[in-house]
Amino acid sequence: MKARPEKYRAPWWLPGGHLQTIAAAFALAPRIAWRRERWDTPDGDFIDLDWAEANGETGAGPLIALFHGLEGSSNSPYARAIAAQAVAEGWRCVVPHFRGCSGELNRLSRAYHSGDSAELDWILQRLGARYAPGGVLYAVGISLGGNALLKLLGEKGAAINLRKAAAISAPLDLAAAGRALDRGFSRELYTRIFLKTLKKKTFEKIRRQNIPIDAMRLSKARTFWEFDDTVTAPLHGFLGADDYWARSSSAPWLPRISIPTLVINARNDPFMPEAALDALGEVPANVVLEFPHSGGHAGFPGRDRWLARRVFQFLSSP
C-alpha cells in the first residue's frame, strides 16, 4: 500500500512566513564532504559543481541534480539537508552552481537568471551522458532554480532526460513575486540582502570588464525591478524587467510538463503571494501541487527536516 505523504505543519513556536523563512535560513544543517568539479561552458565561461556521494563512490546510485536559489550555493541549508538525505539512501547529489555563485566571479559579463532554462538543459544533458547513462537522473530546484527547472520541463516535455523532478518555493509568477518583494518589510529585509551581493558582483564586473551597465543607476537600485531593469534584462537579452519577468515565469509551462513533478509552495511564502498560487490553471495529473498553509520561503523548518524527506519520498517512490 502506498504511503500517504506527510503534510507539513510549522512548529507552534514559529508563527508566520517570515519567521519560518528566517529560521530555515539559519538552521543547523548536516556537514557535507563536497567534491568540487569545474566545467568549461560552450561560451567560454565556467561553472563549478559540488558532489556528495555515498562512501565516495563516484558513479554509484541514482543521481539528483540540485539547482539552488538566488545567491545560494552548496552551502545553503536546504542543499546540505537534501544532499545528506540522498547520501544516506545511497544516492548521489550534485549542486551545479549558477555562474558567479561558487565563490569565484565568472568570466563573462552575463550571470544567471530565473528563466535560464537553456543553461539547466546543457547541465542536465551533460550529467545524463557522463554520470547517469542508464537514465536514473532526477532534478530538484529551489526558488530561482525551481522556476528555471519548471520552465525547462515545460519546454522539453517528453524529451527531457529526467525520471522525476521537484521544485520548492519557485516564484512561478515572477511579476507577482517581484511586487511582493519590492514593498514593505520584505523589501527592507530580503530584497536589501539579495541586492547587496548582486550589486557587489555587478560593480566588480564593471571594474574588470567594463560591461555596458549604468553604474549610477545601479547604485541607486533599491528594488528587484530596478536591478532587473538595469542589469539582468540588458545582460541576458530582455527588453526590460517587465519583459524578463513575463518571459521567464514558469507558471505558463506547468501544463506542458510530462514527467512526474512535485511543486511545493507554502501559502505564507513572503516571496510568492497566495493569490498567485490560486490563480494557477489546471495542470496534468503527473504534476503534483502541494501548497501547505505554512512553511515560509525555502523554509519548512523543524519537523525532522520535513522538506528533504518529502522530496526524497517523492523522487524514490515507484
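Residues numbered from 1 in each chain as written. Predicted model: local features only at pLDDT ≥ 70, side-chain atom pairs only at ≥ 80, totals over all residues. Heavy atoms only, no water.

**Q** Teacher, can you tell me more about a positive patch on the surface here?
**A** A cluster of basic residues, Arg4, Lys7, Arg9 and Arg303, forms a positive patch at the surface. Looking at the secondary structure, you find lysine 7 in the segment before helix H1 (17-25). Residue classification places lysine 7 among the exposed residues on the basis of a relative accessible area of 63%. (Patch = residues over 30% accessible without salt bridge, like charges linked within 9 Å, V, L, I, M, F, W, Y side chains within 5 Å. Areas by Shrake-Rupley, 256 points an atom, 1.4 Å probe, with all protein chains shown as cover. Salt bridge = Lys/Arg side-chain N within 4 Å of Asp/Glu carboxyl O. Lys, Arg positive; Asp, Glu negative; His and termini not counted. Charge placed at Lys NZ, Arg CZ, Asp CG, Glu CD. Helix = DSSP H or I, 4+ residues; strand = E, 2+ residues; numbered from the N terminus. Buried < 20%, exposed > 50% of the residue type's maximum accessible area, 1.4 Å probe, protein only.)

**Q** Can you walk me through the sheet that holds strand E1 (residues 35-40) in this structure?
**A** Two pairing modes exist for strands in a sheet, parallel and antiparallel, and in both the strands are linked by backbone hydrogen bonds. Read from one edge to the other, the open sheet built from eight strands follows the order E1-E2-E4-E3-E5-E6-E7-E8, with strand pairing classed as mixed. Each edge of the sheet is formed by a strand with only one pairing partner; in this case those strands are E1 and strand E8 (287-290). The mean inter-strand angle of the sheet, taken between neighbouring strand axes irrespective of direction, is 20°. Where strand E2 (residues 46-53) and strand E4 (residues 92-96) come together, five bridges link them in antiparallel fashion. Along E4, the bridge assignment pairs glutamate 53 with arginine 92. Here helix H4 (residues 144-156) sits on the sheet in contact with strand E3 (63-67), strand E5 (137-142), strand E6 (164-168) and strand E7 (261-264), set at roughly 130° to E5. Set on the sheet, helix H11 (residues 306-316) makes contact with E3, E5, E6, E7 and E8; between it and E6 the angle comes to about 155°. (Pairing = 2+ DSSP bridges. Axes fitted to C-alpha atoms, helices over the stretch in contact; angles between N-to-C directions. Contact = heavy atoms within 4.5 Å.)

**Q** Would you mind going over the nonpolar core with me for this structure?
**A** Grouped burial of nonpolar side chains is what soluble globular proteins tend to show. Ranked by size, the top nonpolar core spans 61 residues in total, and within it Phe67, Leu124, Leu127, Leu149, Leu150, Leu153 and Leu162 carry the most contacts. With six residues, H4 is the largest single contributor of residues to this core. Leu66, Ala83, Ile142 and Ile168 belong to the second-largest nonpolar core, a separate cluster that totals 31 residues. (Core = buried A, V, L, I, M, F, W, Y, C linked by side-chain atoms within 4.5 Å.)

**Q** Honestly, the packing of aromatic side chains in this entry has me stumped. Any pointers?
**A** What characterises a pair of aromatic rings is the spacing of the ring centres plus the angle enclosed by the ring planes. For the structure on display, the rule yields 13 aromatic pairs. A ring pair is formed by phenylalanine 238 and tyrosine 244, whose centres lie 5.1 Å apart and whose planes are at 50°; its orientation type is tilted. Across this residue pair, the class does not change: phenylalanine 238 and tyrosine 244 are buried. Chaining the aromatic ring pairs together yields one cluster made of Tyr190, Phe194, Phe224 and Phe271. Lying over the aromatic face of phenylalanine 46, arginine 38 brings its terminal NZ or CZ to 3.9 Å of the ring centre. (Phe/Tyr/Trp six-rings, centres within 6.5 Å; stacked < 30°, edge-to-face > 60°. Lys NZ or Arg CZ within 6 Å of the ring centre and 35° of its normal.)

**Q** Would you explain the pattern of salt bridges in this entry?
**A** Pairs can form between side chains of opposite charge whenever their charged atoms are close. All told, the structure shown has 23 salt bridges when counted by the stated rule. Among the ionic pairs, lysine 201 bridges to glutamate 71, the shortest N-O distance being 3.1 Å. With lysine 201 in helix H6 (residues 184-209) and glutamate 71 in the loop between E3 and helix H2 (77-88), the pair connects residues that are 130 residues apart, well separated along the chain. Given the relative accessible area of 23%, lysine 201 is considered partly exposed. Ionic pairing is found between glutamate 290 and arginine 310, a salt bridge with its closest N-O pair at 2.5 Å. In this pair, glutamate 290 sits in strand E8 while arginine 310 sits in helix H11, placing the two residues 20 residues apart along the sequence.

**Q** Teacher, can you tell me more about unusual backbone geometry here?
**A** When glycine is set aside, most residues are seen to have a negative phi, and most peptide bonds are trans. One non-glycine residue, serine 169, lies in positive phi territory at about 55°. Mapped onto the elements, serine 169 comes out in the loop between E6 and helix H5 (174-181). Among the residues examined, serine 169 registers a relative accessible area of 1% and is labelled buried. Here phenylalanine 300, not a glycine, exhibits a phi torsion of approximately 55°, which is positive. You can see phenylalanine 300 is positioned in the loop between E8 and H11. Of the residues examined, phenylalanine 300 reaches a relative accessible area of 2% and is grouped as buried.

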